[in-house]
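# Report on the structure
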Amino acid sequence: MNTRFGAAAGPFLIWVVAMVLILVTWQVLVWVSGLPAYVIPPPAQAFQTLFDNWPRLSVLTGQTLYETAIGYVIGALIGFVLALAMGQIRVVQRLVMPALIISQAVPIVAIAAPLVIIFGFGLMPKLIIVAWIVFFPVVVNVLDGLASVDRDMLNLARLMGGGSLRTFAIVKLPACIGPLFSGLKIGATYAVTGAVIGEWTASSKQGLGTYLLTANAQMNTAGVYAAMLLLTVIGVGSFLLVFGLEVLMTPWRSRSTAPAWAQWKPAQASVAA
Amino acid sequence: MPEALKSTGTVGSQQSAPTKLSIENLNVRFGSVTALSDVSLDISDGEFVCILGASGCGKSTLFNVVSGLLKATSGKIVLDGHDVSSRPGQVGYMLQKDLMLPWRTVLGNITLAASLTRGATTRDRAEAAELASRYGLGDFLNHYPHALSGGMRQRVAMMRTIAAGRQVMLLDEPFGALDAQTRLGMQQWLLQLWRDLKRTVLFVTHDVDEAIYLADRIVVMTPRPGRIAEILTVDLPRPRPLEVLTTDIFVGLKRQIMQHLYH
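Position numbers for residues count from 1 along each chain, tracking the sequence in the order it is written. Whichever chain is written first becomes A and whichever ligand is written first becomes 1, with later ones labelled in order. Since the coordinates come from a predicted model, pLDDT governs what is reported: local features require at least 70, and pairs of side-chain atoms require 80 or more to be given and counted, while whole-chain, interface and lining totals use all residues. Side-chain metrics rest on all non-hydrogen atoms present in the structure, leaving aside hydrogens and water.

## Notes on the overall build of chain B
Across its full length, chain B holds 8 helices and 10 strands. Each radius of gyration is computed over the set of C-alpha atoms, and the globule rule expresses the reference value as 2.2 Å times the number of residues to the power 0.38. Relative to the 2.2 N^0.38 estimate, which gives 18 Å for 263 residues, the radius of gyration of chain B is 18 Å and therefore close to what a compact globule would have. Judged by the C-alpha coordinates and their principal axes, chain B covers about 55 × 45 × 35 Å. Note on classification: 1.4 Å probe, protein chains only; a residue is buried when its accessible area is under 20% of the maximum for its type, exposed when over 50%, partly exposed between these limits. Relative to its full complement of 263 residues, chain B shows a buried share of 54%. Considering only residue pairs separated by 6 or more positions, chain B has 69% of its internal contacts joining residues 24 or more positions apart. In the structure as shown, chain B presents an accessible area of about 10,900 Å², 50% of it carried by carbon and sulfur atoms. None of His or the chain ends enter the tally, which takes Lys and Arg as positive and Asp and Glu as negative. Positions of charges follow a simple convention, taking NZ of Lys, CZ of Arg, CG of Asp or CD of Glu. In chain B, which carries 28 positive and 25 negative side-chain charges, the distance between the mean positions of the two groups comes to 6 Å. Numbering of helices and strands runs from the N terminus, with a helix taken as a DSSP run of H or I at least four residues long and a strand as a DSSP run of E at least two residues long. Residue contacts are defined here by distance: any two heavy atoms, one from each residue, within 4.5 Å place the two residues in contact. Accessible areas in this description were obtained via Shrake-Rupley with a 1.4 Å probe; residue shielding takes into account the shown protein chains only.

What follows is the structure in C-alpha cells.
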C-alpha cells in the first residue's frame with residue numbers, strides 16, 4: 001500500500017519540488033541582482049498582483065484558454081486527418097510535404113498580418129495561428145507512426161485475409177496513437193504561444209496576451225509577471241492533460257497486463273454460451 | 001554413405017496419406033537472377049517437411065510463392081487439388097519476427113485473423129483462450145507482448161497461426177532468433193502441437209539438427225539458382241525424445257546433409 005502510494009505520489013512530488021526550485025531561483029535572482037521591483041518583481045509581488053487583479057485576470061485567462069483550446073483541437077484534427085491521407089496516398093504525401101515545410105518556415109508573426117487582412121480582428125485569425133503551430137508536429141509524428149508499420153506485418157494481415165479497411169483500423173491506426181501523442185504534447189506547449197501571438201497581432205478582444213502588452217507599456221512589471229505565470233499554467237496544464245490522456249489511451253506502454261476493463265475473463269465465455 | 005537413409009520419395013508413414021500440397025515446376029526469376037529453378041514437391045496431409053539450406057537458396061522466395069505473396073514466373077501451387085497460385089490467404093504463415101501488435105493482449109493477438117476478417121466474437125476468444133491455456137499460455141492471456149520473453153512471444157505467434165485455421169502452415173525460421181536452449185524447448189512444444197492438431201507443416205530452417213529432429217522429410221536446397229538438391233526421409237520413430245539427437249541414424253543423416261550444404 002505504501003509503495004503504491006509512493007509510486008503515484010512520486011511524479012507529483014517532483015513537480016512540486018521543481019516549481020519550488022524555480023520560485024527560489026527567481027527570488028535569489030532578485031536579491032543577487034539588486035534590481036528594483038519594476039525591473040524584476042519578486043515572486044511574492046507577482047502573486048500579489050495576480051490575486052489583487054484576479055476578477056479581471058480570470059476573465060482574460062478564460063479568453064486565452066478558449067482560443068488555445070479551440071485552436072489546438074482544430075490543429076490536431078487537421079494534422080491527424082492530413083497525416084492519414086498522406087500516409088495512405090503516396091502522391092498526396094509527395095505533393096503536400098514541401099508545402100507543409102514551407103508553412104512552418106514562414107515566421108508565424110508574418111502570417112498574422114495577411115490573416116487579419118482576410119478575416120479581420122476576430123477569433124478566426126487567432127484560431128488559425130494556434131492551429132498552424134499545432135498541426136505540424138502532429139502531421140510529422142503520425143506520418144512516422146504510419147511508416148513504422150512493418151511490411152511483414154502488413155503481409156501477414158493480407159495472408160490472414162484482412163481487408164484494407166480492417167487492416168487499417170487494426171494494424172495501422174493503433175500504431176499512430178503513440179506518435180500522435182508525441183506530436184500532441186509538443187503542440188500543447190506551443191499552442192499557448194500561438195494564442196498570445198494571435199492576440200498581439202490580430203485581436204480586438206482582451207486576453208492575457210493583450211494584457212501583457214498593456215502592462216508592459218504601463219511599466220506594470222508585476223502585471224507582466226502575473227500574466228506570464230498564468231500563461232505558464234495554461235501551457236503546463238495543457239501538457240499534463242494531454243499526457244494524462246496518453247497514459248489512459250496507451251496502456252500497453254506503461255503496463256504489462258491489460259487494464260481491468262479490457263481483460264478477458266473465462267466467465268464471459270460461459271455467459272455467452 | 002549409408003544408402004539405406006537415402007530417400008526414395010515414398011518411404012515413411014506418409015505413404016498412405018493423400019497429397020495436401022503440390023508445388024509444381026516452380027520457376028522464379030528476378031530480372032536476370034534465377035531465385036528458384038524448377039522446384040517440385042508433393043507434401044502429404046499431416047506431414048512435417050523441413051526445407052533446409054544456406055541463405056540465398058530461395059527458401060523464403062519459395063515460401064512467398066506458396067503463401068501467394070509472390071507470383072512465380074512459371075509453375076503452380078495446388079492445395080487440395082485446387083490451383084491456388086497467387087491467391088494469398090490459403091495457408092498459415094509465421095516468420096522469425098513475432099510481429100505482435102503491441103497494443104493487443106496475448107489473446108487479442110491470437111484472435112487477430114478473426115478480427116481482420118469478420119471481427120472476433122466471444123466464442124473466438126473463448127476458443128483461443130482454451131487453446132492457449134492447453135499449450136502453456138493460460139497465465140499470460142491478458143499480458144501485453146512486451147511483457148513476454150522472445151520464446152513466449154513466438155509461442156503466441158504460433159497460436160495466432162493455428163487460430164487462423166489454415167490446414168497448411170508455413171513456418172519460416174520461427175525459432176531462428178531464440179537461444180539454443182529455448183529453441184530446443186520450442187521444438188518439443190511444436191512437435192506436441194503438431195501431433196495433437198494434425199496440421200501439415202512446411203518448416204524453413206538453416207539449422208541441420210532442427211530439421212532432422214522435427215521433420216518427416218527434409219528438402220535440401222542449394223543456391224544459385226535455388227533448387228532442390230535432395231529429399232531425405234527421416235526414419236526416426238515418434239514421439240522423439242531428446243536422445244534421438246545422438247543416435248546413429250541422426251548423425252548419419254546429419255553427415256549426409258552437411259555434404260550437400262558444405263561440399
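## A look at the packing of aromatic side chains
Residues and elements named next belong to chain B. A pair of aromatic rings is counted whenever rings of Phe, Tyr or Trp (Trp by its six-membered ring) have centres within 6.5 Å, and the orientation is called stacked for planes under 30 degrees apart, edge-to-face for over 60 and tilted otherwise. Throughout the structure, instances matching the rule amount to 7 aromatic pairs over all chains. With 5.5 Å between their ring centres and 80° between their planes, Phe 48 and Trp 194 make a pair best called edge-to-face. With Phe 48 in strand S3 (residues 48-52) and Trp 194 in helix H6 (residues 180-197), this residue pair connects regions lying 146 residues apart in the sequence. What makes Phe 48 buried here is its relative accessible area of 0%. Note on Trp 194: relative accessible area 12%, which makes it buried. Ring centres of Phe 48 and Phe 203 lie 5.9 Å apart, and the angle between their planes is 40°; this geometry places the pair in the tilted category. Here Phe 48 is found in strand S3, whereas its partner Phe 203 is found in strand S8 (residues 200-205), with 155 residues between them in sequence. Residue class for Phe 203 comes out buried when judged on its relative accessible area of 0%. Grouping aromatic residues by their ring pairs yields a cluster made of Phe 48, Phe 175, Trp 194 and Phe 203.

## As for the packing of helix H3 (residues 54-88) of chain A against helix H9 (residues 208-217) of chain A
Residue and element names in this part refer to chain A. Where helices are involved, their axes are fitted lines through C-alpha atoms of the stretch in contact, as for all axes, and angles between N-to-C directions lie from 0 to 180°. Look at H3 against H9: their axes get within 8 Å of each other, and the N-to-C directions meet at 130°. Judged on the interaxial angle alone, H9 and H3 are oblique. Packed against H3, whose contacting residues are Arg 56, Leu 57, Leu 60, Thr 61 and Thr 64, the element H9 presents Leu 208, Gly 209 and Tyr 211 at the interface. Each angle is binned into one of four classes, with values under 35 degrees roughly parallel, values over 145 roughly antiparallel, values of 65 to 115 roughly perpendicular, and all other values oblique.

## A short note on helix H7 (residues 151-159) of chain A
Residues of H7 of chain A that are buried: Met 153, Asn 155, Leu 156, Ala 157 and Leu 159 of chain A. Considering only its buried residues, H7 of chain A is in contact with helix H8 (164-202) of chain A together with helix H1 (59-67), strand S6 (92-94), helix H3 (112-117) and helix H5 (150-163) of chain B. Within 3.5 Å is the distance limit for a polar contact, defined as a pair of N or O atoms, with the added protein rule that one can donate a hydrogen and the other accept it, and that residues adjacent in sequence qualify only through two side-chain atoms. Capping the start of H7 of chain A is the job of one residue whose side-chain oxygen sits 2.9 Å from the backbone nitrogen of Asp 152 of chain A: Asp 150 of chain A. Looking one or two places after H7 of chain A, you find Gly 161 of chain A, whose phi comes out positive at around 90°.

## Side note on the sheet that holds strand S4 (residues 74-79) of chain B
Residues and elements named next belong to chain B. Across the sheet, 4 strands lie side by side as S2-S1-S4-S5; this open sheet has antiparallel pairing. The sheet terminates laterally at strand S2 (33-44) and strand S5 (82-83), the two strands that pair on one side only. Two strands pair when backbone bridges link them, and strand S1 (residues 19-30) and S2 are joined in this way by 8 bridges, in the antiparallel orientation. When the bridges of S2 are listed, Leu 26 appears paired with Val 39. If DSSP finds at least two bridges between two strands, the strands pair.

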